[in-house]
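Geometric and topological summary
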Amino acid sequence: MYSNNSATRPNTPANIMIGVLILKELFTLTDDELLESVICDVRFQYALGTTSFKEQPLSDRSFSRFRERLVSYYEQTGIDLVKEEMEYLADSFCSFFDLQPTMKRMDSLLVASSCRKLNRFALFYKCVSNLAKEIDKSGAVELLAGKELYLSKNYFNRAIMYKKHQDIEEDWEKCVNDGLLFLEETAEKLSENTHYKNLMRLFEEQLTFEGEKPKLLSIRKVSPDSLQNPSDPDASYKKKNRKSYIGYVANIVETFDEKLSLITSYDFEKNTVSDYQFIYQFIEHWDREKPCQLITDGGYGSEDVFKKAEEKNIDLCTTALRGIDPNPWEADFVFDEKTHALVSCPQGYKPEKSKYYPYLDQSRSTFNKILCKMCPFFDQCISKEQKKTVVVIKSEKSVFRAQQIKRMKTKEFKKLAKLRNGIEAIPSLLRRRYHVDSMPFRGLVRTKICFGFKLGAINAKRIIKRQKDKKKRIVENIKTVNLMIKINFYLTD
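Residues numbered from 1 in each chain as written. Predicted model: local features only at pLDDT ≥ 70, side-chain atom pairs only at ≥ 80, totals over all residues. Heavy atoms only, no water.

**Here's the deal with the state of the cysteines**
One pass over the full model with this rule turns up 0 disulfides. Left unpaired, Cys115 is separated from the closest cysteine sulfur, that of Cys127, by 12 Å. Here Cys115 falls in the buried class, since its relative accessible area comes to 12%. In this structure Cys372 is a free cysteine whose sulfur lies 6.8 Å from that of Cys345, the closest cysteine sulfur available. (Disulfide = S-S within 2.5 Å. Buried < 20%, exposed > 50% of the residue type's maximum accessible area, 1.4 Å probe, protein only.)

See the structure below:
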């Protein structure tokens, strides 16, 4: 990240830069306020260990240059140094406070992009306008003859806000045709330009052609991963609980015990990434030699995830399951692990015949009709009666689901489920205290780096609180001992 040339100015130590950016998020300061605090406030200098320095090793450009180097390193190598550092610090804190990695809880939150939400015509106009401005900078003025309106600052609002629907359709067709012309004429000079790529991407994602005439794709056919705003091309679209979101999604893993909880791992991706993908990735990287209890909500649970967790020595506990709940007694159906055929029913009766159908992922079994009629669950069992037999079709997935529901009704599980409530406060805290939905950065990498420092600030605050509580307990113990000594003195006197 830094130059090896000895003739250049010495760099600011990386530990100071990491510490100062955590302080920035801890006190919600701007870069200018942070620099002023480090130079003038001895408390900041004490926290950074720079009180003995003749002058503080920071300038007004130190923070932006450091962030830019982090982004550049990530783009070149794919390694997020901030994530590695935050997780290393969290592990160090865990070791210092003897916080064992056996209890973990997981949750995700949607993080809004700071970009403006655009309708489809505004999106087309903005992309064409951006490319027109790049063409103007390149000196190819002849291409913009009669199209100078794209260079006007005020025309965007007049084009979008003050026109009727019919006029907008006419302007849209003109805008698309102008965009196609710009792409064709500047393919050699500007093909590597960001605005050229954005416009090309927009046309590929949202246009279809009937002959030579462009036509908008139906909104249902447009991918959620499509371009939402050219100012933040990494942001994606997601609809959750009847609300629309443009931005990213974060997944947080917290290690906890009765005294302390710390964020020990996190991920930050486009909001098209699901909870299933996050937890599957976490389980794959887990060391099987370390047993772990992982508590999540119902969005993370599936049969594949439970099986993978079991292989990795993780006891996965989901507080809910999606879909219709089966009857609890269905958990007692037994299947053969190799053939996947049904072995016995909840009453212990063996089927006369049983065959597994891979393409349906179900087992078809026939039972003695007289025995089935004697079963107390016969009226609730989904089956088909024949002359002498009863046909039962069951899948291992439905039985596995019934087993999970049966487990969820136990006292031990209910105690574990209550422990997950602690992580529910983190999304609210990130929005209220750390303003995660209005970060002054755009793009996945820059936003991810800023998010990592915010999580580092949360951990730092928890450590400070733990130390303060510890000091209070020590002082209270000393006072108690002094009081006992005095009482003992008076009694002996």
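**Details of the environment of Val392**
For Val392, the position within the fold is in strand E14 (residues 389–394). For Val392, a relative accessible area of 4% corresponds to the buried category. Counting along the chain gives 41 residues from Val392 to Pro351, while the straight-line C-alpha distance between them is 9.3 Å. Contacts of Val392, omitting those with residues within four sequence positions, involve Ser363, Arg364, Ser365, Phe367, Cys381, Ile382 and Ser383. (Helix = DSSP H or I, 4+ residues; strand = E, 2+ residues; numbered from the N terminus. Contact = heavy atoms within 4.5 Å.)

**Quick notes on the pattern of salt bridges**
Scanning the model with the defined rule gives 25 salt bridges in all. Lys137 is the salt-bridge partner of Glu134, the closest N and O atoms lying 3.7 Å from each other. Of the two residues, Glu134 and Lys137 are both situated in helix H6 (residues 120–138); the distance of 3 residues between them amounts to about one turn of the helix. With a shortest N-O distance of 2.5 Å, Glu254 and Arg462 are connected by a salt bridge. Note that Glu254 is positioned in strand E5 (residues 243–256) and Arg462 in helix H16 (residues 444–492), a separation of 208 residues in sequence. Look at Glu254 and you get buried, because its relative accessible area is 0%. Within this structure, Lys24, Asp31 and Arg67 form a network of salt bridges that share partners. (Salt bridge = Lys/Arg side-chain N within 4 Å of Asp/Glu carboxyl O.)

**As for unusual backbone geometry**
Within the chain, His340 stands out as a residue other than glycine whose phi angle is a positive 65°. The backbone of Asp361 shows a phi angle near 55°, a positive value even though the residue is not glycine. For Asp361, the location among the structural elements is in the loop between strand E11 (353–357) and strand E12 (362–368). Assessed through its relative accessible area of 28%, Asp361 is described here as partly exposed.

**So, the sheet that holds E12**
Strands in a sheet are paired, the pairing made by backbone hydrogen bonds, and the direction either parallel or antiparallel. The 4 strands lie next to each other as E11-E12-E14-E13, forming an open sheet whose pairing is antiparallel. The sheet is open, and its two edges are formed by E11 and strand E13 (383–385), each paired on a single side. Here the strands of the sheet are splayed against their neighbours by 15° on average, with no regard to which way each runs. Taken together, the 5 bridges between E11 and E12 define a ladder with antiparallel strand orientation. Bridged to Lys353 within E12 is Thr366. (Pairing = 2+ DSSP bridges. Axes fitted to C-alpha atoms, helices over the stretch in contact; angles between N-to-C directions.)

**Concerning the nonpolar core**
Grouped together as the largest cluster of nonpolar side chains are 47 residues, with contacts concentrated most on Val20, Ile252, Leu430, Phe451 and Phe453. Per-element accounting of this core gives the leading share, 9 residues, to H16. Counting residues in each nonpolar core, the second largest holds 28 residues, with Ile135, Leu143, Tyr150 and Tyr155 among its members. (Core = buried A, V, L, I, M, F, W, Y, C linked by side-chain atoms within 4.5 Å.)

**Some points on the pairing of strand E7 (residues 292–296)**
For E7, the buried fraction is high: 5 of the 5 residues fall into the buried class. Taking every second residue as pointing to the same face, both faces of E7 are buried, with Cys292, Leu294 and Thr296 on one and Gln293 and Ile295 on the other. Sheet analysis places strand E1 (residues 103–112) next to E7, joined by 3 bridges and oriented parallel. In the sheet register, Arg105 faces E7, and the bridge partner there is Ile295. In terms of strand pairing, E7 meets strand E8 (residues 314–318) through 5 bridges, oriented parallel. Each bridged residue has a counterpart across the sheet, and for Ile295 the counterpart in E8 is Cys317. At this point the chain moves from E7, through helix H11 (residues 303–311), to the parallel E8, and the crossover so formed is right-handed. (Right-handed = clockwise from strand over helix to strand, strands pointing away.)

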